[in-house]
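# Structural features, examined
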Amino acid sequence: MEVKRFRAYRVTEHASGKYVRNIIERKIEDLPDGDVLIKVHYAALNYKDALSFSGNKGVTRKYPHTPGIDGAGIVEESKSPDFKVGDKVLVTSYDLGMNTDGAFSEYIRVPAGWVVPLPSGLSLRESMIIGTAGLTAGIGLYKMEMMGQSPEMGNVVVTGATGGVGSMAVGILAKAGYEVTASTGKSENTAYLKSIGATEVVDREFVNDNSSRPLMRPQWAGAIDTVGGNTLATLVKGCKSEGSVAACGLVSSPILSTTVFPFILNGVHLLGLDSANFPMEKRKAVWNKLANDWKLPNLENLVTDCSLEELDPYIDAMLKGGSKGRVVVGF
Ligand SMILES: NC(=O)c1ccc[n+]([C@@H]2O[C@H](COP(=O)([O-])OP(=O)(O)OC[C@H]3O[C@@H](n4cnc5c(N)ncnc54)[C@H](OP(=O)(O)O)[C@@H]3O)[C@@H](O)[C@H]2O)c1
């Protein structure tokens with residue numbers, strides 16, 4: 001019987017301590033066990049992938065490894081009653097691309113519990129423009145609104161706004177009727193940020209308060225933060241009464257140093273976002289929003305398409321904080 005072979009982007013750890021990336025040929029039986037074999041049509045790049053590609057053991061313990069936490073495609077084999085051959089599906093996170101071979105590969109095999117049926121209203125490619133970045137931003141707004149956030153309360157700040165999560169957060173918030181203050185280190189991308197929905201664009205120093213004040217004059221009604229560190233501390237102490245600050249990232253720092261005053265004097269909510277393990281029923285609800293009420297009219301403005309062979313420079317740019325929007329690999 002003919003052995004099916006496919007291409008995958010593999011990272012190998014060399015004795016020198018270097019991590020080397022190569023596109024190699026693999027066989028289906030090389031993939032981990034799982035209920036659902038998916039022919040990947042599109043995959044998308046996230047910060048976590050860039051870390052996995054560069055040998056970050058906090059993300060990927062063992063090499064050789066295939067990164068890729070976001071993949072969308074068509075079911076080719078299924079042991080699960082929930083999925084049949086030909087179904088259009090997407091998988092984001094859980095362990096995909098971390099310690100399970102990921103989606104920068106023509107095939108993935110995963111547990112059925114990780115698979116989301118493609119929501120109606122989205123193409124496979126659109127689902128990957130959104131991907132983990134959009135799911136995370138969507139979980140942010142979903143949780144903020146559960147805590148009572150509304151457009152009437154005022155503007156919402158998005159930090160790391162030109163990045164994947166940042167761009168999706170700007171777009172989704174704008175689509176949901178919020179005024180969006182986009183914070184960026186790349187002022188040259190002001191027109192881009194306005195094109196995807198930002199009301200105003202500020203330099204990232206605007207949300208980097210270095211005074212020792214425990215509270216600032218309230219200047220925003222909420223925030224979605226991808227940066228962490230002092231940026232997150234600033235967002236909390238400058239937030240208006242009863243606003244929510246949703247924290248998902250650490251591109252600046254994982255340390256959060258703050259006081260309790262924003263919480264006990266202003267009733268500010270600090271919300272954690274974990275898209276990797278977000279429960280399936282709520283995950284499907286957020287995907288449904290992303291495919292309908294929160295579907296961006298200007299999704300194409302966010303995307304750079306490339307092939308597996310062209311991915312390398314985007315990984316390096318991401319590691320240097322140079323991302324803009326979403327990078328989608330088509331197979
Ligand atoms: N918790 C979750 O479920 C979850 C899910 C997805 C991502 N994340 C995290 O969210 C963060 C962003 O992920 P991503 O995929 O959107 O990455 P990305 O596309 O690389 O975007 C990161 C953006 O952060 C800004 N930035 C970079 N270095 C910075 C620094 N030193 N100080 C301040 N801002 C800086 C840049 O935007 P500007 O130049 O516009 O400022 C950059 O484009 C990462 O920490 C990632 O791990 C978490």
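Residues numbered from 1 in each chain as written. Predicted model: local features only at pLDDT ≥ 70, side-chain atom pairs only at ≥ 80, totals over all residues. Heavy atoms only, no water.

Sheet topology note: the strand 9 (residues 180–184)/strand 10 (residues 200–203) ladder contains four bridges and is parallel. By the bridge assignment for strand 10, Thr-181 is matched with Glu-200. Regarding topology, helix 4 (residues 190–195) serves as the crossover connection from strand 9 to the parallel strand 10, and that connection is right-handed. (Pairing = 2+ DSSP bridges. Helix = DSSP H or I, 4+ residues; strand = E, 2+ residues; numbered from the N terminus. Right-handed = clockwise from strand over helix to strand, strands pointing away.)

Further remarks concern the pairing of strand 2 (residues 19–27). Sheet analysis places strand 1 (residues 5–13) next to strand 2, joined by nine bridges and oriented antiparallel. Within the sheet, the bridge partner assigned to Glu-13 lies in strand 2 and is Tyr-19. The antiparallel hairpin formed by strand 1 and strand 2 contains five residues in its connecting segment, where Gly-17 sits at a positive phi of about 90 degrees.

Segmenting the protein chain into domains produces domain 1 (5–118 + 298–330) and domain 2 (132–272). Look at where the C-alpha atoms of domain 1 and domain 2 centre, and you get two points 29 Å apart. With 16 residues of domain 1 at the interface, the matching set in domain 2 holds 14 residues. Taking both sides of the interface into account, the surface hidden between domain 1 and domain 2 amounts to around 1,200 Å²; carbon and sulfur atoms contribute 56%. Where domain 1 meets domain 2, there are zero salt bridges. Inspection of the region where domain 1 meets domain 2 yields eight residue pairs in polar contact (both at pLDDT 80 or more). (Domains from an automatic or database assignment. Contact = heavy atoms within 4.5 Å. Buried area = accessible area lost by both parts, 1.4 Å probe. Salt bridge = Lys/Arg side-chain N within 4 Å of Asp/Glu carboxyl O. Polar contact = N/O pair within 3.5 Å; in protein donor to acceptor, adjacent residues only side chain to side chain.)

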